[in-house]
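# Residue-level structural notes
Letter by letter, the chains look like this.
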Amino acid sequence: YNCVCVVYVRIIFVGVEILWNLLEFGSSIQVAEQLSSIECISILKGIVHDLMLDGSGLQTRQLRNDVLMICSQVVSICQNAPVIETGFMKDLCTYATFPEVLLDKDSLHSFQLSQDHEDFELKKALMCLVTTLSTIHSASSKVLSDCKVVRAFLSYAVTNDNTDMQWNAAQFEELQLLALSCLSVVAPLCVEDYMLCQGNTRALLLMDWCTKNTGSFAGFGNSFHGTGTRGTRNAQLGCCLHLLLSMCSSRDELVQQDLHEQGAIPLLVGLLKQFLQSGSEAHDNPVLLEMQTNTLLIISSLCEQDIHRKELFAGYDGVRYLVQYLKADASKFYSGLGHNKVLLAATDCTWCGVTGSSHVEDIFLEQGGVLVLLDLLKVCPMNMQNLVLGVLVDLCENSKTIPHIVSWRAPDEVSAWGLMARLWRAEEKDMGVPRERKSTLAGTFLPLMGAYQSMSGMPPIPSHHPSAAVLDVAENMRAKIYALCCKIGFHYMDKNLTTEDKITLHIIQNYLDFKSGEVWYEVAGELAQEGLRPISPDQEGLQDILHTHEGKAEETLKLQHELIDEQTKADVKEEQNFYEKMKQFRNLEEKKAKSFSRYMERTSNYKKLQEAKKMQTTAIDLSRRSSTAIGDRFHGIEQSALNVTAFCGRHVTVATTPMKTLMEDSAAVPEPQSTRTVTT
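Just so you know, these numbers come straight off a predicted model, no measurement behind them.

## A few points about the overall build of the protein chain
Counting secondary structure elements, the protein chain contains 31 helices and two strands. Counting across all 680 residues of the protein chain, residues that qualify as buried make up 42%. Restricting the contact set of the protein chain to residue pairs at least 6 apart, pairs at least 24 apart contribute 74%. Put simply, the protein chain shows about 37,100 Å² of open surface, and 54% of that area lies on carbon and sulfur atoms.

## Topic: unusual backbone geometry
That bond from Phe98 to Pro99 is cis: its omega, 5°, falls within 30 degrees of zero. Inspection of the secondary structure puts Pro99 in the loop between helix H5 (88-96) and helix H6 (117-136). Positive phi outside glycine occurs at Gln198, with the angle close to 55°. Although it is not a glycine, Leu446 adopts a positive phi angle of roughly 50°. Tracing the backbone shows Leu446 in the loop between helix H24 (416-431) and helix H25 (451-456).

## Considering the pattern of salt bridges
Applying the stated criterion across every chain yields a total of 26 salt bridges. With a shortest N-O distance of 3.7 Å, Arg309 and Asp306 are connected by a salt bridge. In this structure, Lys487 and Glu397 form a salt bridge, with 2.4 Å as the shortest nitrogen-oxygen distance. Of this pair, Lys487 sits in helix H27 (residues 478-488) while Glu397 sits in the loop between helix H22 (382-395) and helix H23 (401-407), placing them 90 residues apart in sequence.

## What to know about the state of the cysteines
The final tally for this structure, using the stated rule, is zero disulfides. Of all cysteine sulfurs in the structure, the one in Cys210 sits closest to Cys240, which takes part in no disulfide; the separation is 5.8 Å. No disulfide involves Cys248; its sulfur sits 10.0 Å from the nearest other cysteine sulfur, which is in Cys303.

## Points about the side chain of Thr401
As for its placement among the helices and strands, Thr401 is situated in helix H23. Using a relative accessible area of 0% as the deciding quantity, one classes Thr401 as buried. Not counting the four nearest positions on each side in its chain, Thr401 is found in contact with Leu365, Val370, Leu395 and Cys396.

## Quick word on the confidence of the model for the protein chain
The predicted coordinates of low-pLDDT regions are not to be read in fine detail. Residues of the protein chain with pLDDT of at least 70 account for 89%, and the chain-wide mean is 86. Here strand E2 (residues 674-679) is the element of the protein chain with the lowest mean pLDDT, 46, and helix H20 (residues 358-366) is the one with the highest, 95. In the model, residues 671-680 has pLDDT below 50 throughout and makes 22 contacts with residues more than four positions away in sequence or in other chains.

## Thoughts on the packing of aromatic side chains
The relation between two aromatic rings is expressed through the spacing of the ring centres and the mutual angle of the planes. Per the stated rule, a full pass over the model turns up eight aromatic pairs. Taken together, the ring pairs in this structure connect Trp424, Tyr482 and Tyr511 into an aromatic cluster. Here the basic side chain of Arg233 rests over the ring of Trp209, its NZ or CZ set 4.0 Å away from the ring centre. Sitting above the plane of the Trp424 ring, Arg478 keeps its charged end 5.8 Å from the centroid.

## Focus: the packing of H22 against H27
Interaxial distance between H22 and H27 falls to 9 Å at its minimum, and their mutual angle equals 25°. When the interaxial angle is binned, H22 and H27 end up roughly parallel. Helix-helix and strand crossings are classified by hand; for H22 and H27 the assignment is left-handed. Touching Asn386, Leu389, Gly390, Leu392 and Val393 of H22 are Lys480, Ile481, Ala483, Leu484 and Lys487, all from H27.

## A look at helix H14 (residues 264-277)
Taking 1.5 Å per residue as the helical rise, H14 with its 14 residues ought to reach 20 Å, and the 20 Å between its terminal C-alpha atoms agrees with that figure. All buried positions along H14 are accounted for by Ala264, Ile265, Leu267, Leu268, Val269, Leu271, Leu272, Phe275 and Leu276.

## Notes on the environment of Pro286
Along the chain, the position of Pro286 falls in helix H16 (residues 286-303). Between the alpha carbons of Pro286 and Gly228 there is a distance of 8.7 Å; along the sequence they are 58 residues apart.

So, how was this worked out
Residues numbered from 1 in each chain as written. Predicted model: local features only at pLDDT ≥ 70, side-chain atom pairs only at ≥ 80, totals over all residues. Heavy atoms only, no water. Helix = DSSP H or I, 4+ residues; strand = E, 2+ residues; numbered from the N terminus. Buried < 20%, exposed > 50% of the residue type's maximum accessible area, 1.4 Å probe, protein only. Contact = heavy atoms within 4.5 Å. Areas by Shrake-Rupley, 256 points an atom, 1.4 Å probe, with all protein chains shown as cover. Salt bridge = Lys/Arg side-chain N within 4 Å of Asp/Glu carboxyl O. Disulfide = S-S within 2.5 Å. pLDDT = per-residue confidence, 0-100. Phe/Tyr/Trp six-rings, centres within 6.5 Å; stacked < 30°, edge-to-face > 60°. Lys NZ or Arg CZ within 6 Å of the ring centre and 35° of its normal. Axes fitted to C-alpha atoms, helices over the stretch in contact; angles between N-to-C directions. Parallel < 35°, antiparallel > 145°, perpendicular 65-115°, else oblique. Left-handed = near helix turned anticlockwise from the far one by under 90°. Expected span 1.5 Å × (residues − 1).

Here it is, written out as structure tokens:
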């Protein structure tokens, strides 16, 4: 490798062509395994070094990039390739950090990068290859730190208005976005270097520049990381959020404290406000939806273990914006744009940023957050209900939450108790738990066991491994439903529940007893499998416990049947009342028909009219007093010689208009006409 001549370049070109054909059309795994030996890696290292230092012609630069791509394919397929042992990774890091960091000026005296397309592609390939190697080898963090990779990548975390002339504006934006994306992987491995270079401050300043829209820069949207962001700064903002999320996910307290001190929470809350004010654009754009998700997750990570940060988050109206995110349309959960991630992140932010602080919880209750969570619980998919239930259980530690849950009603008038019963039945149906009519217990033996648990039996497991009955508590949401009902209190149970809901709530109320019986049954089964027999007192105690739990199931089943009998009697009584009303209505219709028939007879037959009049007169005479006192005079008011059955009398109606005598002012206001009836 003393000099790079034309023949040498031609030999390398032919070798690269052969290797590409083998990797593409042959067994790439076998080829990569052969190329991953120390000898092959050392040769590839020397070839890359020679081509890097030459790079004089277009053909040489293209060949250099091809060799680098072959190296990338080899290390991605064979992750145990000795790139660190041979020093290849150090050389790659040195090339990737040039010219931002000059580590060895003597060895790179002839290495130059220009705005040429091949050099630009080389820079991107080196960044990607270094990032790939950092995820493969656990010992790569030392090499990354020695080569100051984090420092080199952070040099791109600057505003695009003030860039040097090494690259043009479009190239710098691509490299900037790629560097920020690579930092999301590399920086958590070199936290100390990241903090020394003030990575949080640089990212926050770049985010502030993106949100203020100062300057004339607008994104080109050329690269993969800039897709859908042309004409905006959303690509830079999204990469910064992704970087901060990666650093917060490392759970390093120094990083989170530094973010807090640099004012990350107010900036993030301001971002949420901007997203909500942008309207439908932020709700239908996948890029903006991903940014909202990352923002909520960063807030969750920062506030999870610190009450002061939770109160700071609430102080900037973060809770109000959070409740608006929880009100999102759950029907878009499977839209494919990212609404599901935003909704999950908002729920997680509620769990981490609200619960645990009584002051923040009170603000959340004032904003109607618990009612919104219950609305979300009713309509969200089953795989999200467990998370929402966990938030509600923790919120119930605050006694002010209970009245909100009890007073909640769905649009179809379903109460919180009815919702819990529905969720329980849906969960048991998904588990394959056998149930009888109206969800009653199918038997008294292990009433909570699902189909999968029943088929798997009791395989031998290590002593430190939890049994199937214990794992069942964490694998479904029945335990959280039980915990939430206990927090509310079964004495608050709604009286207007259906019989099926009441039957289900009886099972929920005895969940702990049934689950305890499952555990004791597994204890007895494991002892029998291992051929161990407890001493007589322990054996009697074990049998008593099993009989007690089975008796509890029998008692629950009896109560359920009583509820069904009561409902059956109520249904029968309701049916009888319904038929009685129908019978009364029928009799009334018959009376109306007979009355109308008699009326038609009187109007069409004069003799019938006379008979009716005679019967009416006789009935009136019989109803009067048979004797009158001396001096009493009786004035008849009926008109005689009328052949009608209606009561007709001598009445005269006279209209009068009285005047108002007492007036507050001099103007006289006429009263509306009234009528007065005088009997003659």
